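# Architecture and fold: a report
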Amino acid sequence: MVVDNIKKFLAEPPRDLKDPRLYINRELSMMRFNKRVLEEALDESHPLLERLKFLAIFSSNLDEFFMIRVSGLRRQMEASAHQVPPDGLLPSEQLAMVRQRLLPQLEEQYRCWKDDLLPKLEKEGIKVLHYHQLKRKQRKILRGYFKKEIYPALTPLAFDPGHPFPQISNLSMNLAVVVYDPRHGQRFARLKVPKIYSRLIAIPSEETADEFQELGLNDRTSSNFIWLEEVVKANLDLLFPGLKVEAAYPFRVTRDADPEIEEDEASDLLAAIEESVRERQFGTAIRLEIDGTMPDQVREILQTNLDVASYQTYVVDGPIGLSDVMELMSINRADLKDTPFKPSLPPSLSTDENIFSVIRRRNILLYHPYDSFDPVVRFIREAARDPEVLAIKMTLYRVGPDSPIVAALMDARENGKQVAVLVELKARFDEENNIIWARALERAGVHVVYGLVGLKTHAKVSVVIRHEQDGIRRYIHLSSGNYNDETARLYTDIGYFTCDPEIGKDVSALFNGLTGYSRNEEYKKLLVAPGHMQEDIISRIEREIKVHKKSGDGYLAFKMNALVDQPSIEALYRASQAGVKVDIQARGICCLRPGVPGVSDNITVTSIVGRFLEHARIYYFRNGGEEEILLGSADLMPRNLYRRVETLFPVDDDVIKRSIRDEILKVHLRDNVKARKMLPDGTYEPVSRKADEEPLNSQEWMIAHRGIWHKAE
């Protein structure tokens, strides 16, 4: 619930831990996270193109927020849903607050683009131009390019009594074109700007334009760019011969992209997912973005035919869909980007020794992207070629377009190994890519499972079964991150190699449930959702309370993506009330309200947004000195605990446990540069630094000290 008078609330805090005022709304918390992303675009300590990247991420996050979260609120409101979240806000109240909070963020976004980034890019010789700024030769080149490359792909669609309003696909860029016909007067047409072209077209300067006359635009790189829709707009006379083009206004529609899949009724899950991806393009319209120059008459035509209300319409003072400025990251300007670094390798994996021999001697921790992802690829590749390996089993959630992991799995099958892979088709916005890989694996003879009905398999697990002199041994890799070599360079994730027999048995039992039929809910070491994971986490929090009452040194530290689950939050409130010190580092959503006297005054919540996406999950329990650390794929959210297959695993190796505690967790909790502290009203402020305290950017520290967690090797 939104607390209007925070001072009065803190002076008279509620006693009931279910009181809605103790919970921050999930959607508003997500918006605050995206605001922190926008703050990175405003942060001049980042290289210029990296700031541009954050601006693009802010925009793409917002697109997904509307497609999934806002569309869900609309469905709830239209269905008169009576169930409210822990914070007590109705869907209509949430929608109103989303718009209220978003409008200032959009203004700040476009100020950042127009008044800050654009001038600085121009100083660096990178110009994003408007058509009216082009000179004669540049316009001539673009006219020729339009005729040759773009014109053939365009299809203007008239809208009048003889032509129905055209279907407008999700997030497509469009022009609302107003033309004058001498016979019939003013007419209206819609023109879709194709996505097959770059949104920002590289063009030569006027001085070098002659060199491009024969070569064409695609044959050379340039530091001058123009928006594709402006090129189309400037050449509309070719599409409407004999008519006068009076005006053209850009607009974009965001649609509900979370269609319900009737998995129980689907005879073919893969076909059902494919159909849902197609439906996503034409779901219910949720947001209409229009150019600021669009007149009321044209706006009303769009709103009426799209069935979009005024509060769903956003007037944009600049280019619509700034996520496309990410294209400028392809410019070859290393001086305007983050300094690259070479990821470290554990000393034990820096030799040609068989990886299974190494894992047999010791457990191995990997902290990406500071550690290389190569050992994970090597693990599967060596398994594919090792004559003693009998089988490989793994889960794939977000794989990537050119996956060495998938290639290794197919090699394993060619070499006669038994290979079973669960490819989660329902990984949102990666469905098409996962379908491609699922079919490729099936053609190679791999046993492919598409997921479980009603659940997403989000766990990151692989196991290699190997025949050895003393019998069968299982080698396991567990992780918080995807088996994706591209995101492993962008996300912070923790991976763990082990051949612990009990973990091996648990993983085998898990795969039996994923690929066959099993009602096993009892595991020796793994915490598995949707079984007892929530119960197991809460019981450990309660254990910390009991220990604290005896020894007085209770301490919990949770690092995660999001904290939403109400029973888990209530347990943390009880821990705080008992005097247990609690540190929460939730990168994104946090529905817990810290700093409430008598409820959460022993809880500190921070968030880090920086160069890399913080994605690791670490759950630390001091437990009176018998410390316990859990790692894995699960956040404390209802979807993770009830609607996904998730795993958390214990780190029993004392050396690795200390390394995670001291060189990873503590360093992130001490961050005083990129960390933001959450206040009782749900807003965030920079972590305050004492006068004698050195600045600590945890991600930069990790780069500078990468591999320090391997020092015991």
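Bear in mind that the values here come from a model prediction, so they are computed numbers and not experimental data.

### Some words on the pattern of salt bridges
- Inspection of the entire model under this criterion finds 47 salt bridges.
- The partner of Lys 674 in a salt bridge is Glu 40, with the nearest N and O atoms 2.7 Å apart. Pair noted here: Lys 674 is in the loop between α18 (654–669) and β26 (675–678) and Glu 40 is in helix α2 (residues 26–42), with a separation of 634 residues, a long-range link.
- For Glu 40, a relative accessible area of 2% gives the class buried.
- What you see here is one network of salt bridges that share partners, running through Arg 360, Asp 386, Arg 466, Glu 468, Asp 470 and Arg 473.

### Things to note about the pairing of strand β7 (residues 244–255)
- Taking burial as the measure, the 12 residues of β7 include nine buried ones, the bulk of the element.
- Of the strand pairs in this sheet, strand β3 (residues 173–181) and β7 are connected by eight bridges, and their pairing is antiparallel. Across the sheet, Leu 175 pairs through a bridge with Pro 250, a residue of β7.
- Bridging between β7 and strand β8 (residues 285–291) involves five bridges; their strand directions are antiparallel. Opposite Arg 252, over in β8, you have Glu 289 as the bridge partner.

### Some points on the sheet that holds strand β1 (residues 127–129)
- With mixed pairing, three strands are arranged side by side in an open sheet as β1-β6-β5. Each edge of the open sheet carries a strand with a single partner, namely β1 and β5 (200–203). For this sheet, the mean inter-axis angle between neighbouring strands, taken without regard to orientation, is 35°.
- Here four bridges tie β5 to strand β6 (residues 224–227), and the two strands are oriented antiparallel to one another.

### Some details on the packing of helix α3 (residues 48–78) against helix α4 (residues 91–123)
- For the pair α3 and α4, the least separation of the axes is 11 Å and the interaxial angle reads 165°. Overall, the two elements α3 and α4 adopt an arrangement that is roughly antiparallel. Judged by the sense of rotation from one axis to the other, the crossing of α3 with α4 is left-handed.

### Examining the confidence of the model for the protein
- With 94% of its residues at a pLDDT of 70 or more, the protein has an overall mean of 91.
- Within the model, pLDDT remains below 50 along residues 262–267, and this stretch shows seven contacts once partners closer than five positions in the same chain are excluded.

### Quick word on the sheet that holds strand β4 (residues 185–193)
- With mixed pairing, six strands are arranged side by side in an open sheet as β2-β4-β3-β7-β8-β9. Of all the strands in the sheet, just β2 (157–159) and β9 (313–316) have a single pairing partner and so form its edges. Each strand of the sheet is rotated relative to its neighbour by a mean of 30°, with strand direction disregarded.
- Of the strands in this sheet, β7, β8 and β9 touch α3, which is tilted by about 135° from β8.
- With respect to the sheet, helix α9 (residues 296–306) is in contact with β2, β3, β4, β7, β8 and β9, its orientation differing from that of β8 by roughly 165°.

### Notes on the pairing of β9
- As judged from the four bridges shared by β8 and β9, these two strands associate in the parallel manner. Within β9, the position partnered with Leu 288 by the bridge is Thr 313.
- Considered for its hand, the β-α-β crossover made up of β8, α9 and β9 is right-handed.

### A short note on the packing of aromatic side chains
- For the coordinates displayed, the defined rule picks out 20 aromatic pairs.
- Measuring from ring centre to ring centre gives 6.5 Å for Phe 341 and Tyr 370, while their planes differ by 20°; the resulting arrangement is stacked. Pair noted here: Phe 341 is in the loop between β9 and α10 (355–361) and Tyr 370 is in the loop between β10 (364–368) and α11 (374–385), with a separation of 29 residues, a long-range link.
- Counting every residue linked through ring pairs, the aromatic cluster contains Phe 341, Tyr 367, Tyr 370, Phe 612 and Trp 709.
- The cationic tip of Arg 36 hangs over the ring face of Tyr 684; the distance from NZ or CZ to the ring centre is 3.9 Å.
- Stacked on the ring of Phe 621, the Lys or Arg Arg 543 has its end atom at 5.9 Å from the ring centre.

### Observations regarding the environment of Arg 51
- Mapped onto the fold, Arg 51 is located in helix α3.
- With near-sequence residues (within four places) excluded, Arg 51 lies in contact with Glu 40, Ala 41, Leu 42, Asp 43, Glu 44, His 46, Asp 116, Leu 117 and Lys 120.

### Brief notes about the packing of α11 against helix α12 (residues 404–414)
- Running from amino to carboxyl end, α11 crosses α12 at an angle of 10°, the nearest separation of the two axes being 8 Å. Classified by the angle between their axes, α11 and α12 sit roughly parallel to one another. Of the residues in α12, those in contact with Val 376, Val 377, Ile 380, Arg 381, Ala 384 and Arg 385 of α11 are Pro 404, Ile 405, Ala 408, Leu 409, Asp 411 and Ala 412.
- For the contact of α11 with α12, the class distribution of residues is nine nonpolar, no polar and three charged.

Thresholds applied
- Residues numbered from 1 in each chain as written.
- Predicted model: local features only at pLDDT ≥ 70, side-chain atom pairs only at ≥ 80, totals over all residues.
- Heavy atoms only, no water.
- Salt bridge = Lys/Arg side-chain N within 4 Å of Asp/Glu carboxyl O.
- Helix = DSSP H or I, 4+ residues; strand = E, 2+ residues; numbered from the N terminus.
- Buried < 20%, exposed > 50% of the residue type's maximum accessible area, 1.4 Å probe, protein only.
- Pairing = 2+ DSSP bridges.
- Axes fitted to C-alpha atoms, helices over the stretch in contact; angles between N-to-C directions.
- Parallel < 35°, antiparallel > 145°, perpendicular 65-115°, else oblique.
- Left-handed = near helix turned anticlockwise from the far one by under 90°.
- pLDDT = per-residue confidence, 0-100.
- Contact = heavy atoms within 4.5 Å.
- Right-handed = clockwise from strand over helix to strand, strands pointing away.
- Phe/Tyr/Trp six-rings, centres within 6.5 Å; stacked < 30°, edge-to-face > 60°.
- Lys NZ or Arg CZ within 6 Å of the ring centre and 35° of its normal.
- Nonpolar A, V, L, I, M, F, W, Y, C, P; charged D, E, K, R; others polar.

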